[in-house]
Amino acid sequence: MTGRVEGKVAFITGAARGQGRSHAVRLAEEGADIIAVDVCKPIVKNTTIPASTPEDLAETADLVKGLNRRIFTAEVDVRDYDATKAAVDSGVEQLGRLDIIVANAGIGNGGDTLDKTSEYDWQEMVDVNLSSVWKSVKAGVPHMIAGGRGGSIILTSSVGGLKAYPHCGSYVAAKHGVVGIMRSFAVELGQHMIRVNTVNPTHVSTPMIMNEGTWKLFRPDLENPGPDDMAPICQMFHTLPIPWVEPKDISNAVLFFASDESRYITGVTLPVDAGSCLK
């Protein structure tokens, strides 16, 4: 089966690398044109996760163009509603329509318990992982409604949006909030045949976890841990005997929600979690 989103336009946040790039490429493979935004610079002080770069976003664009699809890119901090809206408006003006929104941009953290989390870290997490999801959808929805063709909105939550983990409480709170945003938008936008769902990944092999800080968080007993040292710990989270999934596994779920195969599915949380929710 090919052309599952042929002729449609998708707005994707956090598209410079990782899951966002994977979503852009997967939807382009199936016929979509792409509006891709990413901040492309450091935005959070207390993190070991390397920031995306303009070169990363340019590489995403090259990959999409290599599939003979059109792409509009912009360096945008999705915490800034006006800038996000301006990017979406420009992308729609250039590409002609908007059918799919993938609110994927996010940050990770870990280490402190909630009672020791700083106000700065809490606010950054909520601003990026929760408020920006609302702003991204808010920026795109008017184009969907005006188009009169319905549409599909996919929000990236997490297994941490369905259950709790220690030492990352602000992340868990924000990702639970994303599920709430999804359900509210699903109820409000259903009359326009706009569907809204979340994907809820477990660990995904992207720079979010594949970095020195995360390896040390999972293996504080080792001086210089690497991914192979973290893998057995990550596998303990899952029912299936794997430590993490790949970005394409999440992209396939995004594609399903974006396509007409899920045309009557809305308000759903879809774990792509190797059975993590069973534990």
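The residue count restarts for each chain, going from 1 along the sequence in the order it is written. Local features are withheld for residues below a pLDDT of 70 in this predicted model, meaning they are given only at 70 or higher, and side-chain atom pairs are given and counted only at 80 or more; totals for whole chains, interfaces and linings count all residues. The side-chain quantities take in all heavy atoms of the structure and omit both hydrogens and water.

In the nomenclature of an unreviewed UniProt entry, the chain corresponds to Short-chain type dehydrogenase/reductase/MSMEI_5872 from the organism Mycobacterium simulans. UniProt positions are given in the numbering used here, feature names are shortened, and annotations may be inferred rather than shown by experiment. Taken verbatim from the UniProt record of the chain, the Sequence similarities (unreviewed entry) comment is "Belongs to the short-chain dehydrogenases/reductases (SDR) family."

Asks: Now, about the overall build of the chain: what can you tell me, with residues and values included?
Replies: The helix count covers DSSP runs of H or I at least four residues long, the strand count covers runs of E at least two residues long, and both are numbered beginning at the N terminus. For the chain, the helix and strand inventory stands at eight helices and seven strands. Over its C-alpha atoms the chain spans a radius of gyration of 18 Å, differing by no more than 12% from the 19 Å that the globule rule assigns to 279 residues. The dimensions of the chain, computed from C-alpha atoms along their principal axes, are 55 × 40 × 35 Å. Residue contacts are defined here by distance: any two heavy atoms, one from each residue, within 4.5 Å place the two residues in contact. Of the contacts formed within the chain by residues at least 6 apart in sequence, a portion of 73% connects residues at least 24 apart. Areas reported as accessible are Shrake-Rupley estimates using a 1.4 Å probe. Residue values count occlusion only from the protein chains shown. A total of about 12,400 Å² of accessible surface is found on the chain, and carbon and sulfur atoms cover 53% of it. Positive residues here are Lys and Arg, negative ones are Asp and Glu, while His and the chain termini are left out of the count. To locate a charge, take NZ of a lysine, CZ of an arginine, CG of an aspartate or CD of a glutamate. Between the centroid of the 26 positive side chains of the chain and the centroid of its 33 negative side chains there is a distance of 5 Å. Radius of gyration here uses only the C-alpha atoms, and the compact-globule reference equals 2.2 Å multiplied by the residue count raised to the power 0.38.

Asks: How would you sum up the nonpolar core? Please name residues and give values.
Replies: Put simply, a nonpolar core is a bunch of buried Ala, Val, Leu, Ile, Met, Phe, Trp, Tyr and Cys residues held in one set by side-chain atoms that sit within 4.5 Å of each other. Relative accessibility thresholds used throughout: buried, under 20% of the residue-type maximum; exposed, over 50%; partly exposed, between the two (1.4 Å probe, protein chains only). Grouped together as the largest cluster of nonpolar side chains are 42 residues, with contacts concentrated most on I35, L98, I153, L155 and V196. Per element, the largest residue contribution to this core is ten residues, and it comes from helix α5 (residues 169–189). When near neighbours in sequence (up to four residues on either side) are disregarded, V196 contacts I153, L155, M182, F185, A186, L189, T266, G267 and V268. A32, V64, I100 and V272 belong to the second largest nonpolar core, which has 29 residues in total.

Asks: Provide a residue-level description of the side chain of D99, including the pertinent values.
Replies: Following the sequence through the fold, D99 ends up in the loop between α3 (81–95) and β4 (100–103). For D99, a relative accessible area of 5% puts it in the buried group. For D99, the side chain forms a polar contact with the main-chain nitrogen of V9, separated by 2.9 Å. In this structure D99 touches G7, K8, V9, M144, R149, G151 and S152, once residues within four positions along its chain are discounted. We call two N or O atoms a polar contact when they sit within 3.5 Å, provided that within protein one can donate a hydrogen and the other can accept it, with sequence-adjacent residues counted only if both atoms are side-chain atoms.

Asks: How would you summarise the side chain of S132 if you had to cite specific residues and measurements?
Replies: For S132, the position within the fold is in helix α4 (residues 119–147). Ignoring sequence-local partners within four residues, the contact set of S132 consists of V78, R79 and D127.

Asks: Give a description of the pairing of strand β1 (residues 9–13) that names residues and reports values.
Replies: Of all the five residues making up β1, five are buried; the element is thus mostly covered by neighbouring parts of the structure. Read from β1 through helix α1 (residues 18–29) to strand β2 (residues 33–38), the crossover connection turns out right-handed. When DSSP finds two or more bridges between two strands, those strands count as paired. Strand direction decides the pairing type here: β1 and β4, joined by three bridges, are parallel. Considered in β4, the bridge of A10 is made with I100. Here the term right-handed applies to a crossover when the path leading from its first strand over the helix to its second strand runs clockwise, the strands being oriented away from the viewer.

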